[in-house]
Amino acid sequence: MELTKRIIQISQPMMGQEEWEALKEPIFSGWLTQGPKVAELQKLFADRHNVKHALAVSNCTTALHLALLAVGVKPGDEVIVPAFTWVSTANAVIYCNAIPVFADVDPVTFNIDVKKIKEKVTSKTKAIIPVHLFGLCTDIDAIKAEFPNLKIVEDAACAAGSGYMDRPAGSLGDIGCFSLHPRKSVTTGEGGMLTTNNEEAANYMDMLRNHGASMSEEQRHKGPKPYILPEFNLSGFNYRMTDLQGAVGVVQIKKLDKFIDERQKWADFYSKELGNISWLRTPQVAKGYKHGWQSYVLFIDETKSPMKRNDIMEYLQQNGISTRPGTHAVHMLGYYATNYNLKPQDFPGAFACNEYSMSIPLHNKMVEEDFHYIVEKIKAIK
Ligand SMILES: Cc1ncc(COP(=O)(O)O)c(C=O)c1O
């Protein structure tokens, strides 16, 4: 096969006949919005992540919004956010009229540097959002031990199936927020999931995702008085997931561990093959961590590399291999730089990750040949 004639995508959803078949049930039953399929997905997701409650929502950004409200974030409160993450981690804080306070990241893990949190904590700090970036968990126990009063909302957007000290992502802090976007290991097109062991928070988020209604449509329709509308004692949102998505999610979540096992195998291959190249660093996974491998992200040392990071990405693109920077340094994005008066070097770790990280393809549609080809092309950089 002539690989250079096609692009090996950075990510592709792994969907097929089973997902297609699963759509028939909601289509023919006519129950399309949050209903039995969403409930089934929630149960499977909660069991897999070892939590009492899982609540499906429209995406991870809306999950973060609800989680922050549920842990009590109020206007004017400060919430600590890593400076290197997807922009919506910080945007969700703004939805609450609260203030995102950035803390630097460790370029080795790409996650928040726990040593950098203390200098950011003030009397107004209410919560922290550790991000399990690319599927590697943040050391939540260290955060809990040092800051027992801070509420912890895990941004587990990339971390379905990831783990830490034998505990799943999403069960580590007060509330976990997952993404089911197509760039994640399992997907519902768009979609998100909240996880918690706190019943009160779960009930609150359950109402908030559904306009603030005291009961869901399904409960009302199947209950004794379907003609009585629910009470609305909260001002909520429409952040519901559809049952079409729920049906696809049920099929996908059952494949999560298989997908991660395959990704683990190829991540090991990459690390073995690329680990000795002096100008790049392969992902480092400390003992006790189960990486979910949402992405495989390299760190380029431009003081040693024959080409700059962006030139390497261009060279790989020309050779049919798509790459991306890991994610972005949020403090360098126009909105945040301007409104919070932030300079690139305010967070040197995040700045370095922004400039020198490079994600290479790792997904379940790839075949053995793809991985060998990518390694060959990277090794050829001289
Ligand atoms: C770390 C992180 N947080 C939040 C999100 C937002 O997820 P969604 O697109 O489901 O809103 C993403 C998505 O890429 C992400 O990577």
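Everything discussed here concerns the structure shown above.
Residues numbered from 1 in each chain as written. Predicted model: local features only at pLDDT ≥ 70, side-chain atom pairs only at ≥ 80, totals over all residues.

*Asks:* Would you mind going over unusual backbone geometry with me for this structure?
*Replies:* One non-glycine residue, Phe 110, adopts positive backbone phi at about 70 degrees. Topologically, Phe 110 is positioned in the loop between strand 3 (99-103) and strand 4 (125-128). Taking the C-beta count within 10 Å as the criterion, Phe 110 has 27 such neighbours and is therefore assigned buried. Residues other than glycine seldom take positive phi values, yet Phe 134 does so here, at roughly 60 degrees. You can see Phe 134 is positioned in the loop between strand 4 and helix 6 (140-146). Accessibility expressed as a C-beta count within 10 Å gives 25 for Phe 134, which makes it buried. (Helix = DSSP H or I, 4+ residues; strand = E, 2+ residues; numbered from the N terminus. Buried ≥ 20, exposed ≤ 12 C-beta atoms within 10 Å, placed from the backbone.)

*Asks:* Would you take a moment to explain the site of the ligand for this structure?
*Replies:* Taken together, 14 residues lie near the ligand, and Asn 59, Cys 60, Trp 86, Ala 157 and Ser 179 sit nearest. Grouping the constituent residues of the shell around the ligand by class yields five nonpolar, eight polar and one charged. (Near = placed C-beta within 6 Å. Nonpolar A, V, L, I, M, F, W, Y, C, P; charged D, E, K, R; others polar.)

*Asks:* Sorry, what's going on with helix 3 (residues 36-48) here?
*Replies:* It helps to recall that an α-helix has 3.6 residues per turn; residues three or four apart then point in one direction. For helix 3, which comprises 13 residues, the first-to-last C-alpha distance of 18 Å matches the rise-based estimate of 18 Å (1.5 Å per residue) to within 8%. Within helix 3 the residues assigned to the buried category are Lys 37, Val 38, Leu 41, Gln 42, Phe 45 and Ala 46. The buried residues of helix 3 occupy an angular sector of 165 degrees when projected down its axis, which confines them to one face. As for helix 3, its buried residues are in contact with helix 2 (24-29), strand 1 (53-57), strand 9 (192-196) and helix 9 (243-274). (Expected span 1.5 Å × (residues − 1). Arc of directions from axis to C-beta. Contact = placed C-beta atoms within 7 Å.)

That's the geometry; what it means functionally is another story.
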